[in-house]
Amino acid sequence: MIKPLMSLVIALLVAIMASPSQAQKRGKRMGEMQERVVERKEYDVKATGLAPIFPEKFSCDPIASPYGSPYRFDGSVRRQDRNSGLHGGLDISLNDGSPLLAVAAGKVIAKGEGGNLEGFYLWLLHAPADTGLPFWSFTKYQHLIELPSINVGDQIAVGQLVARSGLTGTVGPAFGPQGYPHLHMSLHVAPGPEFILGGEGKSTVSPKDGKLSDPMLLFMPADSKFDQAAELPDARKRLPVAIVGRDSRIHPAGSKVVWPVFCAEKPG
Ligand SMILES: [Zn+2]
């Protein structure tokens, strides 16, 4: 009885020792996962309740899941292992290939592909002079249909078409096999323009002293107490938002910050 058992143990040991490729594969997976963890920092996300009011004559694609929401666009509960299950950006449901617009003037600082839950993405940097706001704004557009053709370093104008929406990075456990075509836009506010580039493609942006924030902060008046948005009375949480019409004209004209997708003029 003992002899076959011993030989089984030896056979197992030999099998384990003789398969470093498995261990290497595991190691590679772990390495990738560790890299993902570096890229996907945990953030202290807190809902603000800020919501857009669009110009009356226009119909715009609304927020399907706001910043800080525990729910996805379809009302399902978000996975709990990221940001305590709270949404780190705002989602707008869109048809595949919808034009995405720069929310403000600025500069392209990175573009890349992040894989699952991120997809193709684009990072823009907006100076205080670009937005009229007292901080530097880093905006990120995710799940793009393809790597945007716009180049890193390019200057951009407010409302300029910078990318097209898609569903990259959404096919899988979170949104199912069909994926979910939408824009996930996130915002980091920072005291200055400095940032670090990391990740495999050196395209993951970490703004220096940046704070992940509700992108709706971009639409608050310049003299707002931005870190206290959640405490505002409900009436002041509804923010008039400037938009870009299908004719590429900004309404109201001269606005520095606009909705990131075109709005259609209502008939009549
Ligand atoms: Zn999202």
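Residues numbered from 1 in each chain as written. Predicted model: local features only at pLDDT ≥ 70, side-chain atom pairs only at ≥ 80, totals over all residues. Heavy atoms only, no water.

1. Quick look at the coordination of the zinc ion
Note on metal sites: the ideal angle is 109.5 degrees for four tetrahedral donors, and 90 or 180 degrees for six octahedral donors. Rules: Metal sites are built from N, O and S donor atoms within 2.8 Å, or 3.2 Å for Na, K and Ca, and they leave out water, so they may look incomplete. A helix here means a DSSP run of H or I that spans at least four residues, while a strand means a run of E at least two residues long, and both kinds are numbered starting from the N terminus. Each residue gets one of three labels from its accessible area relative to the maximum for its type: buried under 20%, exposed over 50%, partly exposed in between, using a 1.4 Å probe on protein chains only.
Distances from the zinc ion to its protein donors, His87 (NE2), Asp91 (OD) and His184 (ND1), fall at 2.0 to 2.1 Å. Written as a sequence motif, the donor residues of the zinc ion are H-x3-D-x92-H. One end of the pair, Asp91, is in strand E3 (residues 90-93); the other, His184, is in strand E10 (residues 182-190), and 93 residues separate them in sequence. Each member of the pair, Asp91 together with His184, is buried.

2. Considering unusual backbone geometry
Of the consecutive residues His251 and Pro252, the connecting peptide bond is found in the cis state with omega at -10°. Backbone geometry places His143, a non-glycine residue, at a positive phi of 65°. Looking at the element boundaries, His143 is found in strand E7 (residues 136-144). Its identity is not glycine, yet Lys202 carries a phi of approximately 50°, on the positive side. Residue position: Lys202 is located in the loop between strand E11 (195-198) and strand E12 (204-207).

3. Description of the side chain of Arg78
Definition in use: Nitrogen and oxygen atoms within 3.5 Å of one another constitute a polar contact, given that in protein one can donate a hydrogen and the other can accept it, and given that sequence-neighbouring residues count only through two side-chain atoms. Here, residues are in contact when the closest pair of their heavy atoms is within 4.5 Å.
With respect to the helices and strands, the residue Arg78 is situated in the loop between strand E2 (58-59) and E3. With relative accessibility at 11%, the residue Arg78 sits in the buried group. There is a polar contact of 3.3 Å between the side chain of Arg78 and the side chain of Asp91. The residues touching Arg78, leaving out its near neighbours within four places in the chain, are Ser65, Ser69, Pro70, Tyr71, Arg72, Gly85, Leu86, His87 and Asp91.

4. Topic: the nonpolar core
Worth spelling out the cut-off: The nonpolar core is taken to be a set of buried Ala, Val, Leu, Ile, Met, Phe, Trp, Tyr and Cys residues, with the residues joined through side-chain atoms within 4.5 Å.
One finds Leu122, Tyr141 and Trp259 to be the most contacted residues of the largest nonpolar core, which totals 41 residues. Listed by contribution, the elements that provide at least two residues to this core are E3, strand E6 (120-126), E7, strand E9 (161-164) and E10. It is E10 that provides the largest number of residues to this core, a total of four residues. Grouped together as the second largest cluster of nonpolar side chains are eight residues, Ile109, Leu125, Ala190 and Val205 included.

5. Topic: the packing of aromatic side chains
The line we're drawing: Here the aromatic set is Phe, Tyr and Trp, taking the six-membered ring for Trp, and pairing holds for ring centres within 6.5 Å; pairs whose planes are under 30 degrees apart are stacked, those over 60 apart are edge-to-face, and all others are tilted.
Considering all chains together, one arrives at seven aromatic pairs under this definition. Consider the rings of Phe73 and Tyr180, whose centres lie 3.7 Å apart with planes at 10°: the pair is stacked. Separated by 107 residues along the polypeptide, Phe73 in the loop between E2 and E3 and Tyr180 in the loop between E9 and E10 bring together distant segments of the chain. Geometrically, the ring pair formed by Phe219 and Trp259 is tilted, given 5.9 Å between the ring centres and 45° between the ring planes. Linking Phe219 in the loop between strand E13 (211-213) and helix H4 (234-237) with Trp259 in the loop between strand E16 (250-251) and strand E17 (264-265), this pair joins segments that are 40 residues apart in sequence.

6. Brief notes about the confidence of the model for the protein chain
For clarity, the cut-off: One number per residue, pLDDT, summarises how confident the predictor is, and it ranges from 0 to 100.
Mean pLDDT over the protein chain: 88, with 85% of residues reaching 70 or higher. Counting interchain partners and residues more than four positions distant, the pLDDT-below-50 stretch residues 12-39 has seven contacts.

7. Points about the state of the cysteines
As a reminder, the rule being used: The definition used for a disulfide is geometric: two cysteine sulfur atoms within 2.5 Å.
Under the criterion given, the structure shown has one disulfide. What pairs with Cys60 in a disulfide is Cys263, and their sulfur atoms sit 2.1 Å apart. Its S-S torsion of approximately 115° makes the covalent link between Cys60 and Cys263 right-handed. Taken together, the residues span a long stretch of sequence, with Cys60 in the loop between E2 and E3 and Cys263 in the loop between E16 and E17 at a distance of 203 residues. Since its relative accessible area comes to 0%, Cys263 is described here as buried.

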